There are 2 protein chains.
Amino acid sequence: MTELMVRRGRGRPPRSHSDGHVTRSVIVRRGTEMMTETGFFSTSIDQLLTTAGIPKGSFYHYFSSKEDFGLAVVENYADYFGRKLSRLFENTGRAPLIRLADFVAEAAAGMERYAFQRGCLLGNLGQEVTLLSPEMREKITATLQDWEDRLLVLLQEARASGELKAGLNIEDSAACFWTGWEGAVLVARLRRSSRPMENFFTIYLGTLQSPFTLLTEGP
Amino acid sequence: MTELMVRRGRGRPPRSHSDGHVTRSVIVRRGTEMMTETGFFSTSIDQLLTTAGIPKGSFYHYFSSKEDFGLAVVENYADYFGRKLSRLFENTGRAPLIRLADFVAEAAAGMERYAFQRGCLLGNLGQEVTLLSPEMREKITATLQDWEDRLLVLLQEARASGELKAGLNIEDSAACFWTGWEGAVLVARLRRSSRPMENFFTIYLGTLQSPFTLLTEGP
């Protein structure tokens, strides 16, 4: 959620590219960075293009409107975040709940690395939801659903390996994680501390774990 | 957080007021409504004044800048919300944890009444934190701290009446409630459903309650 989503090149990108695809992805990446800081409406396309060294014409070559661009940014973020969750949640070298702890630790480190300037794109855009188009809202909720589904699979694994409390409703638990997580990222930015994320996770973990399981490093 | 914060008058307010205080509070209330929907930067002062039927000069009579106005709006929200929490959390006719459940039920009903258009002012502004002045950020975090302190008092009462698990760290629990709550309000708006709030609260409540206490209506 807070990880580097751009592999920075050396210096500012060239003013024009023979490969149009490169320019489009540069604009999308810069937009993703800006919107994870300040959301959709506060992101200025002019400022974005100036800092990325891209002429305005290029933007409208690739995107019909800021709205169209916003959809591309959410898509890019969903792809980036989906890859991150695959890497962490499907890391079978670690016990299932440890993988979730790995996600939390990586996100907290990412927040610190960016001095709590960057939050979660979905959280930022979610606060602007009354102003967003139905398409944007739909893409945001679908992405959130994807994260929930991925966590549900992880919790199924945790259950199979005996890490979970008996009778736990893992659908509700998966939903509750992302709900609490969005709030934790928000409060972490306000307080400039990863403590809200760690505190939420510690308490959340207690709702999952079987009293007979100690959370230790995976096999 | 999502409750009505304005007692609507009949029809639009008059274009001028002999009592300046009335005009100032009309502007602040309208600003509070708008910012709980869309945050600080997307709130247009021009639009605000037009819909409230107040001339632009009046605004700059009361506020030196939009920033100054934003501070007044956060203050107004903090007062409003503090009164709400007093009413609910200090309602000694109800068992302590029931009072917290009352808060959740009232907030969920408020979200529904406004068709999930309004969120939490602190959550909305929190997402814009990198763009806000240090004074605004300070006021937001102080308000969040006030809510946490009030919940801590309630949890102390719950402990005294035997409702809580032994050994619970109630400072961490109080912080975790507001963290998760901000996320729950955000996701409720995105999904246009109070289910995320109810789901979070059910799971959160399980982290507090003594297994020997059933949550039923207070004495």
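Below, the structure is looked at part by part.

Reading the values: the criteria
- Residues numbered from 1 in each chain as written.
- Chains lettered and ligands numbered in written order.
- Predicted model: local features only at pLDDT ≥ 70, side-chain atom pairs only at ≥ 80, totals over all residues.
- Heavy atoms only, no water.
- Core = buried A, V, L, I, M, F, W, Y, C linked by side-chain atoms within 4.5 Å.
- Buried < 20%, exposed > 50% of the residue type's maximum accessible area, 1.4 Å probe, protein only.
- Contact = heavy atoms within 4.5 Å.
- Least-squares fit on C-alpha atoms with pLDDT ≥ 70 in both.
- Salt bridge = Lys/Arg side-chain N within 4 Å of Asp/Glu carboxyl O.
- Helix = DSSP H or I, 4+ residues; strand = E, 2+ residues; numbered from the N terminus.
- Buried area = accessible area lost by both parts, 1.4 Å probe.

## Some points on the nonpolar core
Most often, soluble globular proteins keep nonpolar side chains buried together rather than apart. If you look at the biggest cluster of nonpolar residues, it comprises 136 residues, and the most contacted ones within it are Phe177 of chain A together with Phe177 of chain B. When neighbours within four sequence positions are excluded, phenylalanine 177 of chain A is seen to be in contact with Leu100, Phe103, Val104, Leu151, Phe200, Phe201 and Tyr204 of chain A.

## Points about the relation of the copies chain B and chain A
Two copies of one chain are present, and they are related through a rotation about an axis combined with an axial shift. Note on the copies: chain B fits chain A at an RMSD of 0.0 Å, the axial shift is 0.0 Å, and the rotation between them is 180°. The operation mapping one copy onto its partner corresponds to a two-fold rotation axis. Both copies present the same face, since 100% of the interface residues in chain B are matched by interface residues at the equivalent positions in chain A.

## Here we look at the pattern of salt bridges
On inspection of all chains with the given rule, the structure shows 24 salt bridges over all chains. With a closest N to O distance of 2.8 Å, lysine 139 of chain A and glutamate 75 of chain A form a salt bridge. In this pair, lysine 139 of chain A is assigned in helix α7 (residues 134–160) and glutamate 75 of chain A in helix α4 (residues 66–89), connecting sequence segments 64 residues apart. Taking the relative accessible area as the measure of exposure, lysine 139 of chain A reaches 27% and is therefore partly exposed. In this structure, the salt-bridge partner of glutamate 148 of chain A is arginine 191 of chain B, at a minimum N-O distance of 3.1 Å.

## Examining the environment of threonine 32 of chain A
Take threonine 32 of chain A: it is sitting in helix α1 (residues 20–38). C-alpha separation for the pair threonine 32 of chain A and tyrosine 77 of chain A, spaced 45 residues apart in sequence, amounts to 6.8 Å.

## Some words on the interface of chain B and chain A
How big an interface is tends to be stated in terms of the accessible area lost upon association of its parts. Tallying the contact residues gives 42 residues for chain B and 42 residues for chain A. Carbon and sulfur atoms supply 60% of the area buried between chain B and chain A, which totals about 3,700 Å² over both sides. Where chain B packs against chain A, one counts four salt bridges. As a salt-bridge pair, arginine 195 of chain B and aspartate 172 of chain A come within 2.8 Å of each other at their nearest N and O atoms.

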